[in-house]
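# Residue-level structural notes
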Amino acid sequence: MRLLSCLKTRCHLQQFRKSLHLTNSNYSDKKGLTGKTPKVTMDLAAVKPTVGVVQMTSTPDKQATVAQLTALVERAKKRGATVVFVPESADYIAENRAQVPELAEPIDGWIVQQYRQLAKRFDVWLSLGSFHEKPRSGDVSKVHNTQLLIDSSGDIKGVYRKVHLFDVDVPGGPVIHESDFVIPGTRIEAPVPTPVGNVGMAICYDMRFPEMAIALRNQGADIIIYPSAFTVPTGMAHWETLLRCRAIETQCYVIAAAQVGKHTVKRSSYGHAMVVDPWGCIIAECHIKDSTCILRSIH
């Protein structure tokens, strides 16, 4: 029913989008915070940019993970992608708690250099969903869960450290206390201009906080990204619902690259990488339980 409804809705939308041009109107909330009420803006005369959205299976082997991602970015580039979106934990997923800081690297370490070179080599922007960033000072037993936006020259244009940490005991699923090994970020970063629009950066569990999405939209985001490594039980229950809600309430495109499959003996991810349009319709989704890259023109 959901698919049929969206298909019917999109058919009706295509009939009036040629004349649709909605702009932002100012508002002020009860706390005196000002912003803009987000509404859709469409320009069908413009060339539609293409995004690549990666679904992959990171493991504790960083070199194997880099090789896997390199092949997916190359595939996306050959199919016309200008920006490639990569999931959370694009460097590794550890076997155990102790291995997390052991494998972590600073922002100028080997793993980030590999991905900066990858963006430059294939002449694409690369949204590195997140990597385990070793802090330069403080508690070295913990890491930052850090997202990077890298341009086609290999330069870092955006950095966001995950604010909301995933502490949960999933009934019948894994026990994950991210705060045991991750230092939370302290700020929401301004959206970054890219060839496909202004990108608002968020990571996985952040999608459960609509206030963050609205804050990004009020700062000018056209696209909000949620690179993720969702557990299977929570993915089955909430993944699609949350992403569609964030798209509808902000009137932004939502792009969610995803980890999928079995990473270690104890850890598996849900997958279902997807793109959701501002109407809340899923316009691209990966259904297979394997590493792949889906392509979609947006705007």
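Computed from a predicted structure; not experimentally measured. (Residues numbered from 1 in each chain as written. Predicted model: local features only at pLDDT ≥ 70, side-chain atom pairs only at ≥ 80, totals over all residues. Heavy atoms only, no water.)

### Brief notes about unusual backbone geometry
Negative phi characterises most residues that are not glycine, and trans characterises most peptide bonds. Spelled out, the test is: A helix here means a DSSP run of H or I that spans at least four residues, while a strand means a run of E at least two residues long, and both kinds are numbered starting from the N terminus. Using a 1.4 Å probe on the protein chains alone, a residue whose accessible area is under 20% of its type maximum counts as buried, one over 50% counts as exposed, and one in between counts as partly exposed.
The backbone of Asp123 sits at a positive phi, close to 55 degrees, despite the residue not being glycine. Locating Asp123 in the fold gives a position in the loop between helix H4 (110-122) and strand S5 (125-133). For Gln251, which is not a glycine, the phi torsion comes out positive at approximately 55 degrees. Among the structural elements, Gln251 can be located in the loop between helix H6 (232-250) and strand S13 (253-256). Classification of Gln251 by relative accessible area gives buried; the value is 18%.

### A closer look at the environment of Ile282
Mapped onto the elements of the fold, Ile282 is located in strand S17 (residues 282-285). Distance from Ile282 to Ile255, taken between C-alpha atoms, is 10.0 Å for residues 27 residues apart in sequence.

### Describing the packing of aromatic side chains
We count it as follows: Two aromatic rings, drawn from Phe, Tyr or Trp (for Trp, its six-membered ring), form a pair once their centres lie within 6.5 Å of each other, and the interplanar angle then sorts them: stacked below 30 degrees, edge-to-face above 60, tilted otherwise.
With the rule as written, the count across this model stands at three aromatic pairs. Chaining the aromatic ring pairs together yields one cluster made of Phe166, Tyr205 and Phe209.

### Notes on the pairing of S5
Spelled out, the test is: Two strands make a pair as long as DSSP finds a minimum of two bridges between them.
Counting buried positions over the nine residues of S5 gives nine, a clear majority of the element. Pairing geometry for strand S4 (residues 83-85) and S5, over three bridges, is parallel. Each residue of the ladder has a partner; that of Phe85, found in S5, is Ser127. Relative to strand S6 (residues 144-150), S5 runs antiparallel, the two being bridged by six bridges. Residue pairing for S6: Leu128 is matched across the bridge by Leu148.

### Some remarks on the nonpolar core
Proteins that are soluble and globular tend to have nonpolar side chains buried together. The cut-off we apply is this: Buried Ala, Val, Leu, Ile, Met, Phe, Trp, Tyr and Cys residues that are joined via side-chain atoms within 4.5 Å together make up what is termed a nonpolar core. Whether two residues are in contact is decided by their heavy atoms: any pair within 4.5 Å suffices.
With 46 residues, the main nonpolar core has Trp239 and Leu243 as its most contacted residues. Here Trp239 is in contact with Met207, Tyr226, Ser228, Phe230, Thr234, Ala256, Ala257, Ala258, Tyr270, Gly271, His272 and Met274, once residues within four sequence places are set aside. Listed in part, the 26 residues of the second largest apolar core include Leu69, Tyr115, Ala119 and Leu148.

### Some points on the confidence of the model for the protein chain
Operational definition: Think of pLDDT as the predictor's per-residue confidence, scored from 0 to 100.
In this model, the protein chain carries an average pLDDT of 86, and 84% of its residues clear a pLDDT of 70 or more. Counting interchain partners and residues more than four positions distant, the pLDDT-below-50 stretch residues 1-35 has 47 contacts. Overall, residues 40-46 carries pLDDT values under 50, and its contacts beyond four positions in sequence, including any with other chains, amount to 14 contacts.

### Considering helix H2 (residues 62-78)
The following threshold applies: Working rule for helices: expected span equals 1.5 Å times residues minus one. Residues adjacent in sequence count toward polar contacts only when both atoms are side-chain atoms; beyond that, a polar contact is any pair of N or O atoms within 3.5 Å, and within protein one must be able to donate a hydrogen and the other to accept it.
Taking 1.5 Å per residue as the helical rise, H2 with its 17 residues ought to reach 24 Å, and the 24 Å between its terminal C-alpha atoms agrees with that figure. Buried residues of H2: Lys62, Thr65, Val66, Gln68, Leu69, Thr70, Leu72, Val73 and Ala76, and no others. Buried residues along H2 sit in contact with strand S3 (50-56), S4, helix H3 (99-103), H4, S5 and strand S18 (292-297). By the N-cap criterion, in which a side-chain oxygen at the helix start approaches the backbone nitrogen of a residue two or three places on, H2 is capped by Asp61, the distance to Gln63 being 3.2 Å. Following H2 by one or two positions, Gly80 has its phi on the positive side, about 100 degrees.

### Let's talk about the environment of Pro193
Mapping Pro193 onto the fold places it in strand S10 (residues 192-194). The exposed category is assigned to Pro193, whose relative accessible area is 56%. Linking Pro193 and Lys157, residues 36 residues apart in sequence, is a C-alpha distance of 8.8 Å. Beyond its immediate stretch of four places on either side in the chain, Pro193 contacts Trp125 and Asn198.

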